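Listed below, chain by chain, are the residues.
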Amino acid sequence: MDLYEFARGQNGSARLRNSLEAAALGGQLPFATVAEYLASPAPVETMMFRVGGLGRKTALELDQLVRTTVPVDGSDSETEMPTDQEISEGRATICGELAKISLRDLVGRASPGTRLERALRHAVGDRPALDALDDADALRSDLLCAKTAGAVTADELCAKVHLATSRLLRETGGSPSMHDAVLTALFGKGAGPIWPREARLQLADEEAHRLLQKVLGDAVCASAFEDAIVPVRLTRLVCARNIGDRPIADALVDRTRFGWELGRVQAVGRKTISEFWEVLWRRLAVQLARAEAGSTERSNLARFLEVELTRLDPDPEDMAEHAPLVPSSGDVADRVLIPRGLDELLAFMLERIKPQDAPIVRRRFGLDGSPETLEEIGVSLNVTRERIRQIEKRGLGELKVLARKVSLRQALDERWGSAWDALADGDDLITDLEITTFRKMVPGAIILGLELLGLDLAGWLTEVAHRYPHGWLAPSRERAPVDAALGALRDVTTGPPLPRALGELGLPGAPLDVEAAVLIGAGFRTLHGYVVEGRIGTRQKRSLVAHAVLAGFGKPMTLSDLQRAYRQAAPADQCSTRDLTIVMSDAPHLFLEVSEWRWTAVGGAGEIPPGGRRRDVDEGDESPGEGDLTVASAIRDELERAGPQPLSALTNNPRRYLPPDRSHNSVQPTLLTRPDLFARLLPGVYSLWSQVPTREVILSGEMPYLLDEQQAKIFAMARRADEPWGTFPLWSPDAEYRLCRWAIRQGSGEVRRSLLATATVDAWPVEIEERDEWRAVCAREGRYDLVANVRPNVFTVRPDLDRLLAALIDLEAAGRTSWMALNRVDGRHVASQMGCGLLAVLLLSGALTPLGQDAESAWQLTHAIESAAAAEMRGELAAELHERGRLEWASEVGARIAGRIVDGEKRAAQWIPFRRFSALFRDLATAPSEPIEITPEVASDVGRALLAERRKSDLLAWLDEN
């Protein structure tokens, strides 16, 4: 068989055909026949040197064509051709097979491209495959009409049909000559003999795969990189999906397809792919050397894989790197004894890396002391921090290679107890926060061991301890009690706001199990006996300490008293009254402002231990500052200059003392929110605390802000309402004596008489004779003339429920209340009549004892508490506020109280317009009924009834007002 003619008929590469044709025409072809080629001892090298343009790869291609096609004995005999009848029968058989499958299934055997696959799916794929043979031109035309399909796609379809049919013919059996004859009958002479080319490739791949399996076994690509120090990008490529778990034998045999998969990995370029193949080739060379593969086996493998034989020669450095650390043979005395302890093992490994790398690693991980930063080491060695980082990276890379050859994991697991003690601080649990915060307390040998094994501290603890969503429980503790407490905790924390006292949750189990459920199960924090959600900062700490102080006191406290008690409980925190106001306002479910500057606690109390545990550390929240004192400083300077001033004087033309960039609207809020700076001497009168008058000044000094008709009138009403002394600094017996002296000479008749009627002469700082004279004057002229009716607009507003709770708390503390006290509870001016709304609610709900119906202007008098009803309402409202953080009338508790008000007509005093006032609560008190079917007739009847009721209610309200 002529070698040139043989190569032309084998469907080889274009380079092979062109080179052989040029050599044949020029008379330079070294072998005339295939037999001469097979008889040569070195045909590949001869062809490379004698034929121009024929390289090693093309020469290897020719060699494989010859050796996989020609019979083994090298004879040049021709294969017997099939008869016409056999060709017709074979054609009928293959046409029957093609009629059974669709065109898409046939082409799918030949791995079509994405565009062709899309065209088959949406256009011609469902047609029988036989259509491609019967009317190929019509099929091509239909495909060209499909969307996104062009001439290239049509050509690809023809080629894939040709190739897939060839594979189907091979599956049906038969000789290569029969295969070529049937294929030519189907597609014409242009089809060419495909069988030899396909068979050659298949046989070469099978042989290469067999040899690789013998050397590499089932090793995957990831195993080739286990002991190699490679760049991060290459490590990322190996970790990609379907890359690292691919057998090395499959990857090397099918390099074209596998290389295409490598190129599809994101952020992977040519250099990374080249490095990937380089590692595989080097690992194959090492394995061949270890398996002691012969020269023939290595040559065959190189020929089948189409690579140069030198590619399979191992590098001496690779052989040394992948050699066992401990010799497998030799005298026992010559073997290296590897230590078992973690510290000794790391020292052993550090001795075997570059001498300049080991000290850097030791200093970075603190093996000889505290860990040092890159900057610190760089300064001491007079090099840059980047150079130190490079040296550290190189040293760690060498140590990671050694770590895979020793029992580092076993030595590390033996040291987990010391790591636990460093993180847990003697406890049986560790939270996720402590892993980050106290990692520096773990010995450096443990951190280095984890780094070399590719583990993090959290993952390591998960393997040796009980893992919970937010931390770890010591393996010596049982999970069951903690799980039971955690299940109960999830039930009780689905609605109530946090923080709250731990004792209120009622969790089952021992205190240690409850604490573990809260901290590592639910992810909350604990501090001073409270359960806290989120980070614990300065504000959160102040809130909890203030609540513990208030709850322990048991009744409302003024801000000044609370501040003193707070500083006794937390002497290191110089917290101001303004700071306390801020933190208490941020937790409405824990604190309630009863009246101005008076607060009380809601809910159970925690405790303030003498010293916090390490997990109670401050997390960096900055203390709320004093704010901008510019306005406060300006008011302070004005008061120092002019003395105590009414609010009207301070707000009248404030530009005379305020800075230009400050608003005059800030004056009154600043006075109200800075009780630590400003004293309210009287209603609407402010001063500095250093300016509060002494007894001598009150009795004989200039006090125009006290000796005023309006102040005297308010004072008289306060005395009739039995307001306690000291409500304001100048509501005192001394001030009353001075007011009465002033009223005798300058006051109006009704003010003079009202002051004398309510005066407490026995408390005045006068002699007995003068006191007797004043008693006679009071008996002769005293008569309370400031009697008035409550304005109708008071009963058009529904008081807020939180103010009702504050009134009940104040009522239980004092045992009585009045409209003035309720004004202070509601944050209104002390002489406002709006406090009568709260007073009416308390009376109608049964919290107060009604006065006699014949009492004149009864709303101005003091009312005593009904203890049972008041305590019940206070408990309901306090529990609702603590559970929800807010109080609303449109709630179950609000509906119950509204029902009491609506049913309290018998307790209504004459000054209360019951019908009009109870109408504010009637809708709230309506209990929900069973749902009924609403038809148009029912809706009409209900609408008329509601309209009639509304008109009746409006008429009654109008009659009451007039």
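Caption draft 1: The arrangement of the side chain of arginine 500 in detail. Of note, arginine 500 is situated in strand S4 (residues 500-501). Side-chain polar atoms of arginine 500 contact the side chain of glutamate 504, separated by 3.4 Å. Ignoring sequence-local partners within four residues, the contact set of arginine 500 consists of Leu505, Tyr530, Val531, His882 and Glu883.

Caption draft 2: Fine view of the pattern of salt bridges. With the rule as written, the count across this model stands at 46 salt bridges. Its salt-bridge partner being arginine 500, residue glutamate 504 comes within 3.4 Å of it at the nearest N-O pair. Judged by relative accessible area, arginine 500 falls into the buried class, the value being 4%. With a shortest N-O distance of 3.0 Å, arginine 598 and aspartate 810 are connected by a salt bridge. With arginine 598 in strand S9 (residues 598-601) and aspartate 810 in helix H42 (residues 801-814), this pair connects stretches of sequence that are 212 residues apart. Using a relative accessible area of 11% as the deciding quantity, one classes aspartate 810 as buried. Here the residues in one salt-bridge network are Glu872, Glu876, Glu892, Arg896 and Arg900, joined through shared partners.

Caption draft 3: Spotlight on empty space enclosed by the protein. Per the counting criterion, the structure on display carries 3 cavities of 30 Å³ or more. Each pocket or cavity is described by its volume, and for the second largest cavity that value is around 30 Å³. Across the lining of the second largest cavity, the residue classes break down as 5 nonpolar, 1 polar and 1 charged.

Caption draft 4: Here's a closer look at the sheet that holds S4. Across the sheet, which stays open at both edges, the 3 strands sit in the order S4-S6-S5 with antiparallel pairing between neighbours. In this open sheet, the two edge strands, each paired with only one partner strand, are S4 and strand S5 (525-527). Sheet analysis places S4 next to strand S6 (residues 530-532), joined by 2 bridges and oriented antiparallel. Residue arginine 500 lies in a different strand from S6, and its bridge partner there is valine 531. Against the sheet, helix H30 (residues 511-521) makes contact with S5 and S6, and its axis sits at roughly 130° relative to S5, the strand it touches most.

Caption draft 5: Geometry of the sheet that holds strand S7 (residues 557-558). The strand order across the open sheet formed by 3 strands is S7-S9-S8, and the pairing between neighbours is antiparallel. Each edge of the open sheet carries a strand with a single partner, namely S7 and strand S8 (591-595). One ladder, built from 2 bridges, connects S7 with S9; its direction is antiparallel. Residue pairing for S9: threonine 558 is matched across the bridge by arginine 598.

Caption draft 6: Local environment of the pairing of strand S12 (residues 685-688). Residues of S12 alternate between two faces, with Val685 and Ser687 on one and Tyr686 and Leu688 on the opposite face, all of them buried. Examined bridge by bridge, strand S10 (residues 645-646) and S12 share 2 bridges and lie antiparallel to one another. What sits directly across from glutamine 645, in S12, is tyrosine 686. Two elements, strand S11 (residues 678-682) and S12, share 4 bridges in a ladder whose sense is antiparallel. Within S12, the position partnered with alanine 679 by the bridge is serine 687. The turn joining S11 and S12, which pair antiparallel and follow one another in sequence, is formed by 2 residues; a positive phi near 85° is taken by glycine 684.

Caption draft 7: How the structure looks around the state of the cysteines. Applying the stated criterion to the full structure yields 0 disulfides. No disulfide involves cysteine 740; its sulfur sits 6.2 Å from the nearest other cysteine sulfur, which is in cysteine 778.

Caption draft 8: How the structure looks around the nonpolar core. With 87 residues, the main nonpolar core has Trp731, Leu755, Leu804, Leu877, Ile897 and Trp911 as its most contacted residues. Once residues lying within four places of it in the same chain are set aside, the contact partners of leucine 755 are Ala712, Phe715, Ala716, Leu739, Cys740 and Ala743. Grouped together as the second largest cluster of nonpolar side chains are 39 residues, Leu399, Leu408, Leu412 and Leu448 included.

Caption draft 9: How the structure looks around the packing of helix H32 (residues 559-569) against helix H33 (residues 577-585). At their nearest, the axes of H32 and H33 sit 10 Å apart, and the two run at 95° to each other. Judged on the interaxial angle alone, H33 and H32 are roughly perpendicular. Seen from H32, the contacting residues are Leu559, Leu562, Gln563 and Tyr566; seen from H33, they are Thr577, Leu580, Thr581 and Met584.

Caption draft 10: The packing of aromatic side chains, seen in detail. The full count for this structure, using the stated rule, is 15 aromatic pairs. Ring centres 4.8 Å apart and planes at 75° place the aromatic pair phenylalanine 728 and tryptophan 731 in the edge-to-face group. For the residue pair phenylalanine 728 and tryptophan 731, the accessibility class agrees, reading buried in each case. Of the aromatic side chains, those joined through ring pairs into one cluster are Phe795, Trp889, Trp911, Phe917 and Phe921. Sitting over the face of the ring of tryptophan 725, arginine 719 holds its NZ or CZ atom 3.9 Å from the ring centroid.

Caption draft 11: Helix H39 (residues 733-746), seen in detail. When the terminal C-alpha atoms of H39 are compared, their 20 Å separation across 14 residues agrees well with the 20 Å that a helix rising 1.5 Å per residue should span. Taking burial as the measure, the 14 residues of H39 include 10 buried ones, the bulk of the element. Taken residue by residue, H39 has Pro733, Asp734, Ala735, Glu736, Tyr737, Arg738, Leu739, Cys740, Trp742 and Ala743 as its buried positions. Contacts made by the buried residues of H39 are with helix H37 (695-700), helix H38 (709-720), helix H40 (749-758) and helix H41 (768-781).

Caption draft 12: A look at the packing of helix H31 (residues 538-553) against H32. At a closest axis distance of 10 Å, the pairing of H31 and H32 adopts a crossing angle of 110°. One element, H31, and the other, H32, form an angle in the roughly perpendicular class. The way H31 lies across H32 gives a crossing that is right-handed. On H32, the residues touching Arg542, Val545, Ala546, Val549 and Leu550 of H31 are Leu562, Ala565, Tyr566 and Ala569.

Caption draft 13: Main features of the environment of threonine 462. Topologically, threonine 462 is positioned in helix H28 (residues 457-464). Every residue in contact with threonine 462, bar those within four places of it in the chain, is listed here: Arg467 and Trp472. Looking at threonine 462, its side chain comes within polar contact range of the main-chain oxygen of alanine 458, at 2.9 Å. In this structure the side chain of threonine 462 is engaged in a polar contact, spanning 3.0 Å, whose partner is the side chain of tryptophan 472.

Caption draft 14: Representation of unusual backbone geometry in the model. Its identity as a non-glycine residue notwithstanding, asparagine 653 has a phi of 55°, on the positive side. Relative to the helices and strands, asparagine 653 is located in the loop between helix H35 (647-651) and helix H36 (667-673). Positive phi, normally seen in glycine, also occurs at aspartate 722, with a value near 60°. Looking at the secondary structure, you find aspartate 722 in the loop between H38 and H39.

Reading the values: the criteria
- Every chain is numbered on its own, with residues counted from 1 as its sequence reads.
- Only residues with pLDDT of 70 or above have their local features reported here, since the model is predicted, and side-chain atom pairs are shown and tallied only from 80 upward, although totals for entire chains, interfaces and linings are computed over all residues.
- Think of the side-chain values as coming from all heavy atoms in the structure, minus any hydrogens and water.
- In this text, helices come from DSSP runs of H or I with a minimum length of four residues, and strands from runs of E with a minimum of two, each type numbered from the N-terminal end.
- Identification of polar contacts relies on pairs of N or O atoms within 3.5 Å, with a donor-acceptor requirement for protein atoms, meaning one able to donate a hydrogen and the other able to accept it, and with residues adjacent in sequence counted only if both atoms are side-chain atoms.
- Whether two residues are in contact is decided by their heavy atoms: any pair within 4.5 Å suffices.
- Salt bridges are defined by distance alone: a side-chain nitrogen of Lys or Arg within 4 Å of a carboxyl oxygen of Asp or Glu.
- For the exposure calls, accessible area comes from a 1.4 Å probe over protein chains only, and a residue counts as buried if that area is under 20% of its type's maximum, exposed if over 50%, partly exposed in between.
- In this analysis the probe radius is 1.4 Å and the grid spacing 1 Å, with only protein atoms considered; a cavity is a set of points the probe fits into but cannot get out of, a pocket is an open set with protein on both sides within 12 Å along at least five of seven lines, and lining residues have an atom within 4 Å of a point.
- Grid points are joined across faces, edges and corners, and a volume is the space filled by probe spheres set on the points.
- Residues are grouped as follows: nonpolar covers Ala, Val, Leu, Ile, Met, Phe, Trp, Tyr, Cys and Pro; charged covers Asp, Glu, Lys and Arg; every other residue, Gly included, is treated as polar.
- By this definition, two strands are paired if DSSP reports at least two bridges between them.
- In this description, a line fitted to the C-alpha atoms serves as the axis of each element, helices being fitted only across the stretch in contact, and the angle between N-to-C directions of two axes falls anywhere from 0 to 180 degrees.
- Whenever a pair of cysteine sulfur atoms sits within 2.5 Å, that pair is classed as a disulfide.
- Put simply, a nonpolar core is a bunch of buried Ala, Val, Leu, Ile, Met, Phe, Trp, Tyr and Cys residues held in one set by side-chain atoms that sit within 4.5 Å of each other.
- Throughout this description, any angle smaller than 35 degrees is read as roughly parallel, any larger than 145 degrees as roughly antiparallel, any in the 65 to 115 degree range as roughly perpendicular, and the remainder as oblique.
- Any Phe, Tyr or Trp ring, taking Trp's six-membered ring, that has another such ring centre within 6.5 Å forms a pair; planes under 30 degrees apart are called stacked, those over 60 apart edge-to-face, and the others tilted.
- We count a charge as sitting over a ring when the NZ of a lysine or the CZ of an arginine lies within 6 Å of the ring centre and within 35 degrees of the ring normal.
- A helix is expected to span 1.5 Å for every residue after the first.
- In this scheme the crossing of two helices becomes right-handed for a clockwise turn of the near helix relative to the far one and left-handed for an anticlockwise turn of less than a right angle.

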